[in-house]
Structure formats: C-alpha cells, structure tokens
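# Coordinate inspection notes
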Amino acid sequence: MMRRLKWILAILVALFILLWINLASVIRLFVLQPEVLEKDYTFNLPYPFQEINLLTPDGAELNGLWLPVQEAKATILYFHGNRDNLVRWVEIAQQYKKYGTNVMVVDYRSYGKSTGKVSEENLLQDAILWYEKALELSKGQKIILFGRSLGSGFAIYVANQKKVEALILETPYTSMVAVIDAHVPYFIAQRTDLKLKNEDFLSKIKVPTIIFHGTADEVIPYEIGRKVYTSMGPQTTKLVTLDSGGHNNLSSFSDYWNELDDWMGKLIEK
C-alpha cells in the first residue's frame, strides 16, 4: 500500500513540475485565443477596403485591413482584443469611420492570416510596423491609436514610442500580470511570458486620451482600468465609467457613444 502511495505521489510531483515548467505556455492559451484563417480566405466587405500584408524582419507575414474614407481628417489604428480575428473585428472597427477617419485594423501573429513566432518583443515591434504603415497610407495625417483590451498594451506602447494625435483605450490594463492575478494566485500570474507592462509607459504619455471601462468587467476589473487613468493623470486623460458595463458590451451603452462623439468632435476640430 505504501509503495503504491509513493508511486502516486511521485507521479503527481512529476506532473506538477512539468506543469510549472510549461506554465507560461499554458497561461498563453488563455491570454491569446486566436482564430486562424486560410491564406486564400477572401474578405467580402460592403464598403471600400484594402487588404495589407506586412513582412517583418524575422520573416513573419502580418495581415490587416485598411478602410479608407474620402477626405479623411485622421486615421484610427485599431488594435483589437484577444479573441477571434479580423472577420469579427473589422465589423467593430469600421464603426469608427463615422468620425471622418480612415481605419486600419490588424491581426496579431497567429491570428487570422498573420504568421510568425509569438513573443512580447515581436508583438510590440509589429505594432510599430503597423503604425508606420498607417502613417504611409494616410500620407502623414494625424494618427489616433485605439487599443481594445489586449490591444491597449500595443496602443500604449506605440503612443510612448511615436508621435500620435490621441489615444482611445477600451478596458485597458496596467500589466498583463495584474489581469491574470485577478483570476489566479500571483505566483502563477507572474509566470506569464507576456507581461505587457503598460505601467512603465503611462505617465510618459501626454496626448489626449479617453478611457472606457465598465464597473462589472469580468475579465479586466474596473479597478485596473482606473489605475491606468490615475497613472496617466487628469490633465490630458478622461475616464468614462459605465455602470454595470461588462468586458464586451460597452459600445451598447448610449453614454459610450455620447462621450466618444463629444471627445472626437473636439479632437477633429483642432
């Protein structure tokens, strides 16, 4: 009996060690939830668009969509959330064309048609490449960055590195460790290899910024979004709190569009 228990204990210990060693990969499965598209997939959209493919220095191919408008006043570069791909996100991003802005929405490595080794460094450098492409296609127009959930990390990073007109953040976070820590113990959360420490850049960003966060967000708690706001400061940053708003339904609130309409109207008129 004791011998059997020792074998069971040894197996459990071995499984724990194996899980601990591979914990970063396990966590990544929850952080990144891509849907892959076949390379020959054809986008069929009821409005003008251009499919963009970028080749990165390490040989990855990134896929995005450029949605132009006539006599554009600016360009919104949209970094989407952690699930699905452009098939879903282009329908969300195209709504912001109503402000008279071009929109570029992009897929990260392993999402949709985008390929390449996924790492924090690669994802951040890809975001810079997309900024440069948006600047090229917009012929030097003002660039407004939009970061949704996971994408807020890329928007914040670019805003710290490049010249942008403004920043829109929806359900943002201070770091990915903080988000994971809201769901599992810290000693597990800190094992992630996608730390995305937005907190390192927030106080350095001085462009007009608007933040949307719901009090009932079940993925990124409201308190984390509020810390983003307090780290940036009220001089240039506005926090729009949506009571009972969850993680995926903020745009269904009238206050979301009322606040964004007013903010974008003043921004575009400048």
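A quick note: this is a predicted structure, and the numbers were derived from the prediction, not measured.

Another point: the overall build of the chain. Along the chain, the regular secondary structure elements total nine helices and ten strands. The C-alpha extent of the chain, read off along each of the three principal axes, is 80 × 45 × 30 Å. Counting the 270 residues in the chain, one finds 50% classified as buried. A separation threshold of at least 6 residues defines the contact pool for the chain, and within that pool the share at least 24 residues apart is 71%. Summed over its atoms, the accessible surface of the chain is roughly 13,400 Å², and 55% of this surface lies on carbon and sulfur atoms. Of the charged side chains in the chain, 29 are positive and 30 negative; the average position of the first set lies 6 Å away from that of the second.

Before going further, it helps to examine helix H5 (residues 150-161). The buried fraction of H5 amounts to ten of the twelve residues, a majority that puts the element mostly inside the structure. Residues of H5 that are buried include every one of Leu150, Gly151, Ser152, Gly153, Phe154, Ala155, Ile156, Tyr157, Val158 and Ala159, and no others. Summarising the contacts, the buried residues of H5 are in contact with strand S4 (74-79), helix H4 (120-137), strand S7 (143-148), strand S8 (166-170) and helix H6 (176-181).

A few words now on the sheet that holds strand S3 (residues 61-67). Within a beta sheet, neighbouring strands are joined by backbone hydrogen bonds and run either parallel or antiparallel to one another. An order of S2-S3-S6-S4-S7-S8-S9-S10 is seen for the eight strands of this open sheet, with the pairing classed as mixed. Edge positions in the sheet fall to strand S2 (50-55) and strand S10 (237-242), since each has one partner strand and no second. For this sheet, the mean inter-axis angle between neighbouring strands, taken without regard to orientation, is 20°. Along the sheet face, H5 touches S4, S7 and S8 and points at about 150° away from the line of S7.

As a further point, take the pairing of S3. With six of seven residues buried, S3 is to be regarded as a mostly interior element. In the sheet, S2 pairs with S3 via six bridges, with the strands oriented antiparallel. Bridged to glutamate 51 within S3 is leucine 65. Pairing of S3 with strand S6 (residues 101-106) involves four bridges; the strand directions are antiparallel. Residue leucine 67 lies in a different strand from S6, and its bridge partner there is valine 103.

So, on to the confidence of the model for the chain. Per-chain confidence: the chain averages 91 in pLDDT, with 90% of residues scoring 70 or above. Contacts for the low-pLDDT stretch residues 10-21, under 50 throughout, to residues beyond four places or in other chains number five contacts.

Glancing now at the environment of isoleucine 211. Position of isoleucine 211 relative to the elements: it lies in strand S9 (residues 209-214). We classify isoleucine 211 as buried; its relative accessible area is 0%. Sequence spacing of isoleucine 211 and alanine 159 is 52 residues, and the spatial spacing of their C-alpha atoms is 14 Å. Beyond its immediate chain neighbours, meaning those up to four positions away, isoleucine 211 contacts Leu169, Pro172, Val228, Tyr229, Met232, Thr237, Lys238, Leu239 and Val240.

Formed by 54 residues in total, the largest nonpolar core has its most connected members in Phe79, Met104, Leu145, Leu150, Phe154 and Leu167. Excluding anything up to four places from it in sequence, leucine 145 contacts Leu77, Phe79, Ala155, Val158, Ala159, Val164, Ala166, Leu167 and Ile168. Grouped together as the second largest cluster of nonpolar side chains are 33 residues, Ala93, Tyr96, Ile210 and Leu267 included.

So, how was this worked out
- Residues numbered from 1 in each chain as written.
- Predicted model: local features only at pLDDT ≥ 70, side-chain atom pairs only at ≥ 80, totals over all residues.
- Heavy atoms only, no water.
- Helix = DSSP H or I, 4+ residues; strand = E, 2+ residues; numbered from the N terminus.
- Buried < 20%, exposed > 50% of the residue type's maximum accessible area, 1.4 Å probe, protein only.
- Contact = heavy atoms within 4.5 Å.
- Areas by Shrake-Rupley, 256 points an atom, 1.4 Å probe, with all protein chains shown as cover.
- Lys, Arg positive; Asp, Glu negative; His and termini not counted.
- Charge placed at Lys NZ, Arg CZ, Asp CG, Glu CD.
- Pairing = 2+ DSSP bridges.
- Axes fitted to C-alpha atoms, helices over the stretch in contact; angles between N-to-C directions.
- pLDDT = per-residue confidence, 0-100.
- Core = buried A, V, L, I, M, F, W, Y, C linked by side-chain atoms within 4.5 Å.

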